[in-house]
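Report on the structure
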Amino acid sequence: MALKRPGFPTNVEGQGQLLRGDTKFFSIAPDSTELLRFLPAPKEDGFMWYPATNHYGVVSQDKKKVALACLHKHGNAETGKKCLMCAVDSYFQDNAEELGLDEEAASRLRPTTRHYAQIIRATVVDGKVSGWSRPMLTQFSATAAADVQTIFDSQRRFGQPLANDIDQGQGILVTRTGQGFKTKYKAERTGEIVSLDIIRPTWADEFMTDLYKEIGLNVATPAQQLAYLRITFPALDWEEIVTAVGFEELLAE
Ligand SMILES: [Zn+2]
């Protein structure tokens, strides 16, 4: 049986990379370290972090979890800046007992802010950086973003090129430890100055310029927010609550 059999060794690393290739979002897994290169600010204002504030904790008709953008932060001409979810959240906190809500249910509408930034991520094979991903959005808590920001602050203070400089930037190692409320991040610069054009020659064509559009916030009107609240908490008297929080105009619609 000298016949050569078909098939080749599986390229596990490359395959994994390919499967992840279409993903626009990247989160650092618990208890791991990632090498990230932050990309330049997408707009003239120079902001690198894009905070997104959402209310989680409501569901749709088919019981899928829905994230609704906080209208105080992300409201527009169509929705206005008055956020029904925030108003109901405060009402739940103040009246949990009368409404028969346990602690978990009463705090389910709390707004959560995540800070998004555009990065490319190093792929490491056998202890060596073998390549860099396409631009992706990674999300950090406020404290983790502040930790990365500390590096930029000190670079600015000492007149060094910023870590996201196109030509003279450098990667940042971000380590995530712990889970849930105990999650901690640590950010360190690599010190290895290299041009983005060298590590990801196609970056400029792949660069995302409208990060809020890419994040895909669900900016619903207060009336749409109310529809989700009714589905999620069907036992509550929504006429009464909506009136109590000053959104009675929604009942006329
Ligand atoms: Zn809100």
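Up top is the structure these notes are about.
Presented here is an overview of the structure given in this document. This structure is a prediction, so every number in the text was calculated from the model and none was measured. (Residues numbered from 1 in each chain as written. Predicted model: local features only at pLDDT ≥ 70, side-chain atom pairs only at ≥ 80, totals over all residues.)

Describing the overall build of the chain
Along the backbone of the chain there are 10 helices and 9 strands. Over its C-alpha atoms the chain spans a radius of gyration of 23 Å, topping by over 25% the 18 Å that the globule rule assigns to 253 residues. With the principal axes as the frame, the chain shows a C-alpha extent of 75 × 65 × 35 Å. Classification of the 253 residues of the chain by burial places 24% in the buried group. For the chain, contacts bridging at least 24 residues in sequence account for 62% of all contacts bridging at least 6. (Helix = DSSP H or I, 4+ residues; strand = E, 2+ residues; numbered from the N terminus. Rg over C-alpha atoms; globule rule 2.2 N^0.38 Å. Buried ≥ 20, exposed ≤ 12 C-beta atoms within 10 Å, placed from the backbone. Contact = placed C-beta atoms within 7 Å.)

A few points about the nonpolar core
Among the nonpolar cores identified, the biggest contains 21 residues, and L36, F38, Y116, A117, I119, V148 and I172 are the most heavily contacted of them. The set of elements that each furnish at least two residues to this core consists of strand 2 (32–38), strand 3 (50–59), strand 5 (111–125), strand 7 (136–140), helix 5 (142–157) and strand 8 (170–177). Element by element, the count of residues in this core is highest for strand 5, at 4 residues. In terms of nonpolar packing, the next biggest core, distinct from the first, is built from 20 residues, A87, V88, Y228 and F233 among them. (Core = buried A, V, L, I, M, F, W, Y, C linked by C-beta atoms within 7 Å.)

Regarding the pairing of strand 5
Looking down a regular strand, the side chains alternate between one sheet face and the other. In this structure, strand 2 lies alongside strand 5, joined through 3 bridges in antiparallel fashion. Along strand 5, the bridge assignment pairs R37 with I120. By the bridge criterion, 6 bridges tie strand 3 to strand 5 in an arrangement that is antiparallel. Paired with Y50 across the two strands is Y116, which belongs to strand 5. (Pairing = 2+ DSSP bridges.)

Some points on helix 5
Look at helix 5: 22 Å from first C-alpha to last across 16 residues, which is about the 22 Å you get at 1.5 Å a residue. When helix 5 is considered as a whole, its buried residues turn out to be A144, A145 and V148. Tucked into the core, helix 5 has its buried residues touching strand 5, strand 7, strand 8 and strand 9 (184–193). Looking one or two residues past helix 5, G159 carries a phi angle of roughly 65°, positive in sign. (Expected span 1.5 Å × (residues − 1).)

Details of unusual backbone geometry
Phi at D31 takes a positive value of approximately 55°, unusual for a residue other than glycine. Relative to the helices and strands, D31 is located in the loop between strand 1 (25–26) and strand 2. The backbone phi angle of D126 is positive, close to 50°, even though this residue is not glycine. In this fold, D126 is placed in the loop between strand 5 and strand 6 (128–132).

Examining the pairing of strand 6
Two strands pair when backbone bridges link them, and strand 5 and strand 6 are joined in this way by 4 bridges, in the antiparallel orientation. Of the residues in strand 6, the one forming a bridge with T123 is G131. The turn linking strand 5 back onto strand 6 is made up of 2 residues, and D126 within it adopts a positive phi angle of 50°.

Regarding the packing of helix 3 (residues 84–99) against helix 9 (residues 222–232)
Relative placement of two packed helices is described by the angle separating their axes and the distance separating the axes. Orientation of helix 3 relative to helix 9, taken along the N-to-C sense of each, is 45°, at an axis distance of 9 Å. Considered as vectors, helix 3 and helix 9 are oriented oblique to each other. On helix 9, the residues that touch L84, M85 and V88 of helix 3 are P222, Q225, L226 and L229. For the contact of helix 3 with helix 9, the per-class residue count stands at 6 nonpolar, 1 polar and no charged. (Axes fitted to C-alpha atoms, helices over the stretch in contact; angles between N-to-C directions. Parallel < 35°, antiparallel > 145°, perpendicular 65-115°, else oblique. Nonpolar A, V, L, I, M, F, W, Y, C, P; charged D, E, K, R; others polar.)

What about helix 9?
Turning to helix 9, its buried residues are P222, Q225, L226, Y228 and L229. For helix 9, the angular spread of buried residues about the axis comes to 160°, placing them on one side. Packed against the buried residues of helix 9 are strand 3, strand 4 (65–69), helix 3 and helix 10 (238–244). (Arc of directions from axis to C-beta.)

Quick notes on the environment of F25
Within the secondary structure, F25 sits in strand 1. Taking the C-beta count within 10 Å as the criterion, F25 has 12 such neighbours and is therefore assigned exposed. Along the primary structure F25 and Q139 are separated by 114 residues, whereas in three dimensions their C-alpha atoms are 8.0 Å apart.

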